[in-house]
Amino acid sequence: MYTANPDRYADMPYRRTGRSGLKLPALSLGLWHNFGPDRSVETQRAILRRAFDLGITHFDLANNYGPPPGAAESALGDALRTDFAPYRDELVISTKAGHLMWPGPYGEWGSRKYLLSSLDQSLARLGVDYVDIFYSHRPDPDTPLQETMGALHSAVRQGKALYVGVSNYSAEETREAARILADLGTPLLIHQPRYSMLDRRPEAEGVLDALDELQVGSIVYSPLEQGLLTGRYLDGIPEDSRAASDSPFLNSDAVTEDLVGGLRALNEIAASRGQTLAQLALAWVLRGGRVTSALVGASSARQIEDSVGTIRNLDFDAEELTRIDAILKGEGEGEGEGEG
């Protein structure tokens, strides 16, 4: 019988989500990969237990996470029954709908029909009466945003979600979604964009500015850029890596000599801070408080421990940020800067 660590709240910082009353841990656990039949139940439970014991109270899912789709929600549902039933009120559980889940015209995108049907299926797989956050996983170009946001509002009115969010929305789509939800009386809580040292589009395209303006929280996915920022690629492509398998999420063409050189330069900065490259990358997306939480995945409890080690050093000085920016722009370390 699992008993949670009594000191689980001693170290993890919790950040207020926008202007809401909800706080999220600086690091949240994403169940995008590693929670399906290709991973042992014992390993999955060990990851979830270790995460919670270290203060990670937020477990993030989507209807299509697995593989196969739905497997991650089912896996967490089993763990909720066996391990976490006494701790449900200490957990923030989120899920999303937007990608393909079943055949036919009602099995994806952003219609009211699809979103609310998908949420019912998610609740059944999870074995819970409600989720804490329900997201529109992607904007639907063919469905009026009023309908999609109206479905999120209905989920709250029906007691099936406490808060709502959007993911992969542009700055203008986010502003319009927030306006519609405000008119309906259900505030937009949070946005989930892809953001990392190697993918700064939320900065360049104004998404982070829009969230600041709206006072909406943010939780970023792929902060380690599908493993590129974990240190596994400092010497090229390992044979057992995601890039070596030409995964749909990361292929070998992405691992160029220039990229590897930049990763090595970033790793030198990480070492000078007493961090791994992964810890540096996580601290970087959390810098300055603009991002509420960073989603981390894990294939083992040890990886969770390494990620949580990030919280020991979340601050950067101006020189470190300048050096990092120069590396990310392909300008190298600059003369005399490589020693740290």
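Just so it is clear, the structure is predicted and the values come from calculations on it, not from any experiment.

(A) A look at the overall build of the protein. Secondary structure summary: the protein contains 11 helices and 10 strands in total. Taken against the 2.2 N^0.38 rule, which gives 20 Å for 340 residues, the C-alpha radius of gyration of the protein at 20 Å falls within 12% of a compact globule. On the principal axes, the C-alpha backbone points of the protein span a range of 60 × 50 × 40 Å. By residue count, 54% of the 340 residues in the protein fall in the buried class. A fraction of 75% describes how many contacts in the protein between residues 6 or more apart in sequence connect residues 24 or more apart. When the accessible surface of the protein is split by element, carbon and sulfur atoms take 47% of a total near 14800 Å². The protein carries 33 positive and 49 negative side-chain charges, and their two centres are separated by 7 Å.

(B) Just the side chain of E225, in detail. Here E225 lies in the loop between β9 (217-220) and α8 (257-272). Judged by relative accessible area, which is 10%, E225 ranks as buried. Separated by 2.8 Å, the side chains of E225 and R194 make a polar contact. Separated by 2.6 Å, the side chains of E225 and S196 make a polar contact. In contact with E225, other than residues within four places in its own chain, are R194, S196, L198 and D199.

(C) Highlighting the packing of helix α3 (residues 112-126) against helix α4 (residues 145-157). One way to put it is that α3 packs onto α4 with a least axis distance of 9 Å and a crossing angle of 30 degrees. As the angle between them shows, α3 and α4 are arranged roughly parallel. With respect to the hand of their crossing, α3 and α4 are arranged in right-handed fashion. Between α3, through R112, L115, L116 and L119, and α4, the contact on the second element is made entirely by E147, T148, G150, A151, S154 and A155. Counted by class, the contact of α3 with α4 contains five nonpolar, three polar and two charged residues.

(D) Highlighting the packing of aromatic side chains. On inspection of all chains with the given rule, the structure shows 10 aromatic pairs. On the numbers, 6.1 Å between centres and 85 degrees between planes, the contact of W32 with Y221 is edge-to-face. Taken together, the residues span a long stretch of sequence, with W32 in the loop between β3 (27-30) and α1 (41-53) and Y221 in the loop between β9 and α8 at a distance of 189 residues. The buried category is assigned to Y221, whose relative accessible area is 17%. Centre to centre, the rings of W102 and Y114 are 5.3 Å apart; their planes meet at 50 degrees, and the pair counts as tilted. You can see W102 sitting in the loop between β5 (92-97) and α3 and its partner Y114 sitting in helix α3, a full 12 residues away along the chain. Members of the aromatic cluster, each reached through a chain of ring pairs, are Y2, F52, F59, F84 and Y87.

(E) Quick look at the pairing of strand β8 (residues 188-192). Counting buried positions along β8 gives five out of five residues, so the element sits mostly inside the fold. One ladder, built from four bridges, connects strand β7 (residues 161-167) with β8; its direction is parallel. Of the residues in β8, the one forming a bridge with S167 is Q192. For the handedness criterion, the β-α-β arrangement of β7, helix α5 (residues 171-184) and β8 is classed as right-handed. As paired strands, β8 and β9 are joined by two bridges and run parallel to one another. Note on β9: the bridge partner recorded for H191 is S218.

(F) Looking closely at the confidence of the model for the protein. Residue-level pLDDT values for the protein average 93, and 92% of them are 70 or greater. Note on residues 332-340: pLDDT is under 50 here. Beyond four places in sequence and across chains, it has 11 contacts.

Calculation rules
- Going along each chain's sequence as written, the residues are numbered from 1 onward.
- Per-residue local features are limited, in this predicted model, to residues with pLDDT of at least 70; the limit for side-chain atom pairs, both in listing and counting, is 80 or more; totals at the level of whole chains, interfaces and linings are taken over all residues.
- Calculated side-chain values reflect all of the structure's heavy atoms, with hydrogen atoms and water omitted.
- Helix numbering and strand numbering both begin at the N terminus, where a helix is a DSSP run of H or I of at least 4 residues and a strand a DSSP run of E of at least 2.
- In this description the radius of gyration comes from C-alpha coordinates, and the expected globular size is given by 2.2 Å times residues to the power 0.38.
- For every residue, the accessible area obtained with a 1.4 Å probe (protein chains only) is divided by the maximum for its type, and the residue is called buried under 20%, exposed over 50%, and partly exposed between those limits.
- Only heavy atoms matter for contacts: two residues are in contact if any of them lie within 4.5 Å across the pair.
- All accessible-area figures derive from a Shrake-Rupley calculation using a 1.4 Å probe, and residue coverage is judged against the displayed protein chains alone.
- Here Asp and Glu are counted as negative and Lys and Arg as positive; His is not counted, and neither are the chain ends.
- Charged groups are reduced to one reference atom each: NZ for lysine, CZ for arginine, CG for aspartic acid, CD for glutamic acid.
- Pairs of N or O atoms are called polar contacts if they sit within 3.5 Å, as long as, within protein, a hydrogen donor faces a hydrogen acceptor (for residues adjacent in sequence, only side-chain-to-side-chain pairs).
- Lines fitted to C-alpha atoms define the axes, with helix axes restricted to the stretch in contact, and inter-axis angles between N-to-C directions lie between 0 and 180 degrees.
- Roughly parallel refers to an angle under 35 degrees, roughly antiparallel to one over 145, roughly perpendicular to one between 65 and 115, and oblique to any angle outside these ranges.
- We call a crossing left-handed when the near helix sits turned anticlockwise from the far one by less than a right angle, and right-handed when that turn is clockwise.
- Three classes are used, and their members are as follows: Ala, Val, Leu, Ile, Met, Phe, Trp, Tyr, Cys and Pro are nonpolar, Asp, Glu, Lys and Arg are charged, and the others, Gly among them, are polar.
- Pairing of aromatic side chains requires ring centres within 6.5 Å, counting the rings of Phe and Tyr and the six-membered ring of Trp. Pairs whose planes differ by under 30 degrees are stacked, by over 60 edge-to-face, and all others tilted.
- In this analysis, strands are considered paired if DSSP registers two or more bridges between them.
- Orient the strands so they point away from the viewer, and a crossover whose first-strand-to-second-strand path over the helix runs clockwise is right-handed.
- As a per-residue measure, pLDDT reflects the predictor's confidence and takes values from 0 up to 100.

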